[in-house]
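# Working through the structure, step by step
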Amino acid sequence: MGDSFAGTVTRAPQELEKDALEHVWIHTTEWVRLAEEGGLRVFERGEGSTLYDVHGNAYLDGISGLWVVNAGHGRREIGEAMAEQAAKVAYVSSASYTTVPSVQLANVLAELTPGDLNRIFFCSGGSEAVESAVKIAKQIQSMRGFPRRYKIIARRGSYHGATYGAMSLTGDRKEEYFGPFMYGVHHVPSPNRYRNDFNLEGEAGDLMCADYIEQEILAQGPESVAAVIGEPVSTSNGVHVPSPKYWQRLREICDKHGVLLIMDEVINGFGRTGKMFCTEHFGMQPDLMTMAKGLSSGYAPAAAVAVSEKVYDIFKEQKDKSLAHLLTFGGQAVAAAAALKNLEIMQDESLPKQSAEKGEYVKSKLEGLLEHPTVGDVRGLGLMCGLEIVKNKESKERWGKGHDYLKALDRILNAKGMITRVWDIIHVAPPLVVTNEELDRMVQMIDESLTEAEAQFQGEIGT
Ligand SMILES: Cc1ncc(COP(=O)(O)O)c(C=O)c1O
């Protein structure tokens, strides 16, 4: 290594792309393909719903990073709040102390979250929030006198994170690389009105999924089950919106069997679904709620678990015991300042309401795309919409993960200037500040991309 790294930080766009290719570990094989085609995406700045790469090309961000940038890109006021806090104090030990913005943020979150979710445990990302929630649930069960309640019921198709415990809860958890997983995790079906596991239409199918969880608790033995975890509306499982009765029944089932209910709002939270928290659509509250992403709109790594008073009370009763779990960066002051400013913006600009209205608007436009032979379904809540892409609309047959058709669709859409995720679902989840005109452009780009990709794969569609 040389004496100075100055030369490696001041680089021309092409050199930056080359460096990125050599030194940054990017998740997807798509990155390598883009490199081969000379089309890497190294972004330099953003504004609202638009991202600009190092060459100055503009892209509409159709997925808010990864359902993260709810307040939009380029919010100078969040940067300024962070700089101000960093200049005052950035970090104190989270084991014994806290800081002014952390206290303020905890207050605001206690106020915003439904019901009595008033105790806030801070951490840095969604996986950490899920790990923390699971550990809190297990410790509380033990402190209540049930040390053998260690099992967690999670749902097929869910995504809860990449760390070991969170990955173990996740539906598609890559057994071939990482098994065996955390002991005691059991997966159950989750609501899906497009392809119902039980051949029951609408709400009846949702309720069957709730009853299935009760059967699973009984089969495992309630005295061994610590918690049930689920995303209010799971994006990884395809943005299926269940009936409120699903979550209400699950609440009753958990209460009946002494099982804690964890709702994972990591994607759903902070206006994404048209309310501050998705749970509000369902008229109930969990015992623990995880949150991340939109908490800071991605301006800083910030996450949290909100715990109900009723559940936390055990720590008040057993004063000699503390939570056996700590993360160095939980409640870091600059991250808390970023989150606070982000939440202030959300409130001032009524972003959850905007999400509800724009979500309705774009969903109605997306429904027009059902005329395409490969669009099987359109669904969503607020600005969290998805189009299910199928090979055969009659049979609902999928193309299959990584199929060339889906790759072609992704490539065409990207080349037109829209960024999103194209797997079985094309996600439409832009920043909540998106304009109707930008939404129209996104729908048009998806429409044109479908037409082009369908022409390329004509012989395979509907077969
Ligand atoms: C519902 C849900 N929970 C947890 C996580 C994990 O969050 P992170 O990637 O910040 O660790 C994710 C990430 O996408 C998520 O969607």
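Given the structure is predicted, the values throughout are model-derived calculations rather than measurements.

### Topic: the overall build of the protein chain
Each helix and strand in the protein chain was counted, giving 16 helices and 14 strands. Computed over the C-alpha atoms, the radius of gyration of the protein chain is 23 Å, within 12% of the 23 Å expected from 2.2 N^0.38 for a compact globule of 463 residues. By its C-alpha atoms, the protein chain is 65 × 65 × 45 Å across when sized along the principal axes. The buried share of the protein chain, taken over its 463 residues, is 47%. Intrachain contacts of the protein chain at a sequence separation of at least 6 include 73% that bridge at least 24 residues.

### Some remarks on helix 16 (residues 436–456)
When the terminal C-alpha atoms of helix 16 are compared, their 30 Å separation across 21 residues agrees well with the 30 Å that a helix rising 1.5 Å per residue should span. Every buried residue of helix 16 is accounted for by Glu438, Leu439, Met442, Val443, Met445, Ile446, Ser449, Leu450 and Ala453. Projected down its long axis, helix 16 carries its buried residues within an arc of 160°, all on one side. In helix 16, the exposed residues that point more than 90 degrees away from the buried face are Asn436, Glu437, Thr451 and Ala455. If you follow the buried residues of helix 16, they end up packed against strand 3 (58–61), helix 14 (351–367), strand 11 (375–380), helix 15 (404–416), strand 13 (418–419) and strand 14 (425–428).

### A look at the sheet that holds strand 8 (residues 260–264)
What holds strands together in a sheet is hydrogen bonding between their backbones, with the strands either parallel or antiparallel. With mixed pairing, the seven strands of this open sheet are ordered in space as 4-10-9-8-7-5-6. Here the strands that pair on one side only, and so sit at the sheet edges, are strand 4 (117–123) and strand 6 (185–188). Strand-to-strand twist in this sheet, taken as the mean axis angle between neighbours without regard to direction, amounts to 20°. Across four bridges, the pairing between strand 7 (residues 225–230) and strand 8 is parallel. Residue Ile229 lies in a different strand from strand 8, and its bridge partner there is Ile262.

### Description of the sheet that holds strand 2 (residues 50–53)
The strand order across the open sheet built from four strands is 1-2-3-13, with neighbouring strands paired in mixed fashion. The sheet is open, and its two edges are formed by strand 1 (43–47) and strand 13, each paired on a single side.

### Points about the packing of helix 15 against helix 16
When two helices pack together, their arrangement is captured by the angle between the axes and the distance separating the axes. Viewed as axis vectors pointing N to C, helix 15 and helix 16 meet at an angle of 140°, and their least axial separation amounts to 9 Å. As the angle between them shows, helix 15 and helix 16 are arranged oblique. In this structure, helix 15 meets helix 16 at a crossing whose hand is right-handed. Taking contact as the criterion, the partners of Tyr405, Ala408, Leu409, Ile412, Leu413 and Lys416 in helix 15 are, on helix 16, Met445, Ile446, Glu448, Ser449, Leu450, Glu452, Ala453 and Gln456. Its residues placed into classes, the contact of helix 15 with helix 16 shows nine nonpolar, two polar and three charged.

### Quick look at unusual backbone geometry
The omega angle of the peptide bond from Gly179 to Pro180 is -5°, so this bond is cis rather than trans. Topologically, Pro180 is positioned in the loop between helix 9 (175–178) and strand 6. With a phi close to 55°, Trp67 is a non-glycine residue in the positive phi region. Within the fold, Trp67 resides in helix 4 (residues 64–67).

What counts and what doesn't
- Residues numbered from 1 in each chain as written.
- Predicted model: local features only at pLDDT ≥ 70, side-chain atom pairs only at ≥ 80, totals over all residues.
- Helix = DSSP H or I, 4+ residues; strand = E, 2+ residues; numbered from the N terminus.
- Rg over C-alpha atoms; globule rule 2.2 N^0.38 Å.
- Buried ≥ 20, exposed ≤ 12 C-beta atoms within 10 Å, placed from the backbone.
- Contact = placed C-beta atoms within 7 Å.
- Expected span 1.5 Å × (residues − 1).
- Arc of directions from axis to C-beta.
- Pairing = 2+ DSSP bridges.
- Axes fitted to C-alpha atoms, helices over the stretch in contact; angles between N-to-C directions.
- Parallel < 35°, antiparallel > 145°, perpendicular 65-115°, else oblique.
- Left-handed = near helix turned anticlockwise from the far one by under 90°.
- Nonpolar A, V, L, I, M, F, W, Y, C, P; charged D, E, K, R; others polar.

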